Amino acid sequence: MNEEMFGIVKGGEFHRLSPAGAGGSARLTGMGMQEARPPESAEIRLEDYENRAIMIRGHDSGGWIYSAEIIDHAGPILTAVVEKMFGGPTQAA
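Anyway, here's the lowdown on the structure attached to this text. Here the residue numbering is sequential within each chain, running from 1 through the sequence in written order. Residues qualify for local features only when their pLDDT is at least 70, as the model is predicted, and side-chain atom pairs are given and counted only at 80 or more; totals for whole chains, interfaces and linings, by contrast, use all residues. Where side-chain values are given, they derive from all heavy atoms of the structure, hydrogens and water being excluded.

### With respect to the overall build of the protein chain
Tallying secondary structure elements over the protein chain gives one helix and five strands in all. Labels follow the DSSP assignment, with helices taken as runs of H or I lasting at least four residues and strands as runs of E lasting at least two, numbered in each case from the N terminus. Ordering the α and β elements of the protein chain from the N terminus gives β-β-β-β-β-α. For the protein chain, whose C-alpha radius of gyration is 13 Å, the value lies close to the compact-globule estimate of 12 Å for 93 residues. In terms of principal-axis extent, the alpha carbons of the protein chain reach across some 40 × 25 × 20 Å. Sequence-distant contacts, at least 24 apart, represent 57% of the contacts inside the protein chain between residues at least 6 apart. Throughout, radius of gyration means the C-alpha value; the globule benchmark is 2.2 Å times the number of residues raised to the power 0.38. Residue contacts follow a heavy-atom distance rule, with two residues in contact if any of their heavy atoms lie within 4.5 Å.

This is how it looks when you write it as structure tokens:
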């Protein structure tokens, strides 16, 4: 089941802040979980979102989020507010 997630991109990875208790980091791929190829083959590059808060939709499977799509992204001011409110992931980066 696809769900919406919120986090910050650090070091080219998506660091989950929400839903509550999510935590951890993941890479994003546009492919579905049942496809017979490696997730890297459809990896969504996050360089343009580095150090920004983004909202995504996808299927969380630990280190990868499948069928991922970026719904929205925040600018520098809102990202700073998000980091202050959620307390991270600046410590992990």
